[in-house]
Amino acid sequence: MNGTLLEIGPPAAREERSGFEPVVVAIVCNWCTYAGADMAGTTRRAYPPNVRLLRVPCTGRVSPLQVLKAFEQGADGVLVSGCHPGDCHYVHGNLVARRRLAILRALLDFVGLDARRFHVSWVSASEGVRWARVVETVTRAVREAGPLDAWSPRDGEEPVRLPEPPPAPSPPASPEEQEAVGRNLRSLAASLLGEGRVTVFLGYGEATLPGRAVPLLATDLAEASALVWNDRCHSNLAVYLAGPNRVPGKVAVVLKACDARAVIGLQQEGQLRREDLVLVGVRCPGVREEDGRLALKCHACDGEVAAGCDFTVSADGVETGAARSAAPRAVAPDPRDAAIAFLEGLPPARRWAFWREQFDRCLRCYACRAVCPLCYCGTCISEHHRPQWIPASIGPRGNASWNAIRAYHLAGRCAGCDECTRACPARLRLDLLNRRLALEVERRFGYRAGEDPSAAPPLAAFRPEDPQEFVHA
């Protein structure tokens, strides 16, 4: 997709010139929909001239970046269309696309893009009449939605404030308990390093500020003696197991329950080998944020060690395997779900007002990317220049595209550690984007990230019976 396709001017300018007529970008399959559109032309079937066609080999090649770029460059609506399920020239391309487009639609709806602006339909090569009817329906819907002036704040617009989260459901672990866990971690590290079973023990060390913790890579007994455990051990240490930060050698790594889900995700995606790791699970009573409150992600987590760990460390000692306590910590409803429900109860324009204010604060520092174990790409999409999908400069369009595409990239993969939100200097609520898509993946496909290392990632698989209520009949 290049600039010449969508050099259509801002909505206000188009409205002044000739009365509003929407511009709809149609991303169409070469073999079916494009041929169907051609048939509509050869049979002289009239339909609105509002559509700009972008031909791709298969809907399986449709990227959410193309959809976001269309809106970013001035389109008022986007239509994705291809072969009917079962008729794909590449066998299953449209079935995989159906899952991806369902999740993209959920994301766009959650950030406040009017549902009338994004459409999906199946049109075969022989369905010229159907193509004309779909274009008429889509054009009418986008015209009703009006010009897409999402990038400009409205005068006098009141900011959207999320409800205050509930108090922590449980008290923090006592200093004595935390010290006991740290002592047992040091003992296990000394044993594993001293016997040569691992070359690196990856855990937490004392930070400059008392009571804080930072990642620590211990390679000998002296370094292992500096290992600690406390309720400020926020970092997801799985970030050091793949990508440019990968620690070489046989590594023992300390994992909270949410961190262990990231390890399973990396296994699923072939980014690490289980035999190169010794997984040390820690019973986690919940980590505390800077204000001393329990992190939102911890309210609904019992802190138990994930299945598959080689050792379990608690205040009582070190056990072999993933041992669970006799009385797991009581949990409360996830407060992020209440915030999501509050946003979804707002009109789309108010949802977008909330997210526009969030995205406008983004510094594009990429701290979210740096702390995420699943952001291991050799070249991030934000660094691509030919073509340049994400504008390099800070601004409303580029900021929105970056945060939206990163949330989509983590759909069905996010471990829920919320490190991106904690590390963000602008305090963007990235956790809500990630959590909303995780709920959508679970609802549609019955899949939870980080539970089964042998399961296929949900957006790289399909079922013929996957729901498609969002597709035009």
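As the structure is a computational prediction, the values presented were derived from the model and not from experiment.

Caption draft 1: Structural detail: the packing of aromatic side chains. Here the structure, examined in full by the defined rule, presents 7 aromatic pairs. Between Phe-354 and Trp-355 the ring centres are 5.0 Å apart and the planes differ by 80°, which places this aromatic pair in the edge-to-face class. Judged by its relative accessible area of 3%, Phe-354 falls in the buried class. Its relative accessible area of 0% is what places Trp-355 among the buried residues. Ring-pair connections join several aromatic residues into one group, and the members of that group are Phe-110, Trp-352, Phe-354, Trp-355 and Phe-359. Sitting over the face of the ring of Tyr-34, Arg-55 holds its NZ or CZ atom 4.1 Å from the ring centroid.

Caption draft 2: Structural view of the pairing of strand 7 (residues 251–255). Extensive coverage of strand 7 is indicated by the burial of 5 of its 5 residues. Side chains of strand 7 alternate between two faces, with Val-251, Val-253 and Leu-255 and Ala-252 and Val-254 buried alike. In this sheet, strand 7 lies alongside strand 5 (residues 200–206) in parallel orientation, the contact comprising 3 bridges. Paired with Phe-201 across the two strands is Ala-252, which belongs to strand 7. Examined bridge by bridge, strand 7 and strand 8 (residues 277–282) share 5 bridges and lie parallel to one another. Of the residues in strand 8, the one forming a bridge with Val-253 is Leu-279. Once you follow strand 7 into helix 8 (residues 257–268) and on to strand 8, the crossover reads as right-handed.

Caption draft 3: Here's a closer look at the sheet that holds strand 3 (residues 77–82). Here 5 strands make up an open sheet; going across it, the order is 2-1-3-4-11 and the pairing parallel. Two strands close off the open sheet at either side, each with one partner strand: strand 2 (51–56) and strand 11 (471–472). By the bridge criterion, 5 bridges tie strand 3 to strand 4 (residues 118–122) in an arrangement that is parallel. For Val-78, the partnering residue across the bridge sits in strand 4 and is Phe-118. Sitting on the sheet, helix 5 (residues 128–145) touches strand 1 (24–29), strand 2, strand 3, strand 4 and strand 11, and the angle it makes with strand 4 is about 170°.

Caption draft 4: Expanded view of the pattern of salt bridges. Scanning the entire structure with this criterion turns up 37 salt bridges. A salt bridge links Arg-273 to Asp-276, with the shortest nitrogen-to-oxygen separation between them at 3.1 Å. Relative accessible area serves as the criterion here: at 49%, Arg-273 is assigned to the partly exposed category. Two residues, Glu-442 and Arg-448, come together in a salt bridge whose shortest N-O distance is 2.9 Å. What makes Arg-448 partly exposed here is its relative accessible area of 48%. Among the charged side chains, a network of salt bridges with common partners joins Glu-344, Arg-436, Glu-440, Arg-443, Arg-444 and Glu-469.

Caption draft 5: Here's a closer look at the sheet that holds strand 5. Ordered in space as 6-5-7-8-9-10, the 6 strands form an open sheet in which the pairing is mixed. The open sheet has two edge strands, strand 6 (213–218) and strand 10 (317–320), and neither has a second partner. The mean inter-strand angle of the sheet, taken between neighbouring strand axes irrespective of direction, is 30°. Contacts from helix 6 (residues 175–194) reach strand 5, strand 6, strand 7, strand 8, strand 9 (311–314) and strand 10 within the one sheet, and its direction differs from that of strand 9 by about 145°. Packing against the sheet, helix 8 makes contact with strand 5, strand 7 and strand 8, and its axis sits at approximately 135° to strand 7.

Caption draft 6: Quick look at the nonpolar core. One finds Ile-27, Val-67, Phe-118 and Trp-355 to be the most contacted residues of the largest nonpolar core, which totals 64 residues. Considering every element that reaches this core, the biggest residue donor is helix 4 (residues 93–110), with 8 residues. Among residues more than four places away in sequence, those in contact with Val-67 are Ile-27, Val-78, Val-80, Leu-104, Leu-108 and Phe-118. Counting residues in hydrophobic clusters, the runner-up holds 56 residues, among them Leu-185, Ala-252, Leu-294 and Val-313.

Caption draft 7: Region of interest: the packing of helix 4 against helix 14 (residues 430–445). Helix 14 packs onto helix 4 with a crossing angle of 140° between their chain directions and a minimal axis gap of 10 Å. As the angle between them shows, helix 4 and helix 14 are arranged oblique. Crossing angle aside, the handedness with which helix 4 passes helix 14 is right-handed. Facing helix 4, whose interface residues are Arg-99, Ala-102, Ile-103, Ala-106, Leu-107 and Phe-110, helix 14 presents Leu-432, Leu-433, Arg-436, Leu-437, Glu-440, Val-441, Arg-444 and Phe-445. Considered class by class, the residues forming the contact of helix 4 with helix 14 number 10 nonpolar, no polar and 4 charged.

The rules behind the values
- Residues numbered from 1 in each chain as written.
- Predicted model: local features only at pLDDT ≥ 70, side-chain atom pairs only at ≥ 80, totals over all residues.
- Heavy atoms only, no water.
- Phe/Tyr/Trp six-rings, centres within 6.5 Å; stacked < 30°, edge-to-face > 60°.
- Buried < 20%, exposed > 50% of the residue type's maximum accessible area, 1.4 Å probe, protein only.
- Lys NZ or Arg CZ within 6 Å of the ring centre and 35° of its normal.
- Helix = DSSP H or I, 4+ residues; strand = E, 2+ residues; numbered from the N terminus.
- Pairing = 2+ DSSP bridges.
- Right-handed = clockwise from strand over helix to strand, strands pointing away.
- Contact = heavy atoms within 4.5 Å.
- Axes fitted to C-alpha atoms, helices over the stretch in contact; angles between N-to-C directions.
- Salt bridge = Lys/Arg side-chain N within 4 Å of Asp/Glu carboxyl O.
- Core = buried A, V, L, I, M, F, W, Y, C linked by side-chain atoms within 4.5 Å.
- Parallel < 35°, antiparallel > 145°, perpendicular 65-115°, else oblique.
- Left-handed = near helix turned anticlockwise from the far one by under 90°.
- Nonpolar A, V, L, I, M, F, W, Y, C, P; charged D, E, K, R; others polar.

On their own, these measurements won't tell you what the molecule is for.
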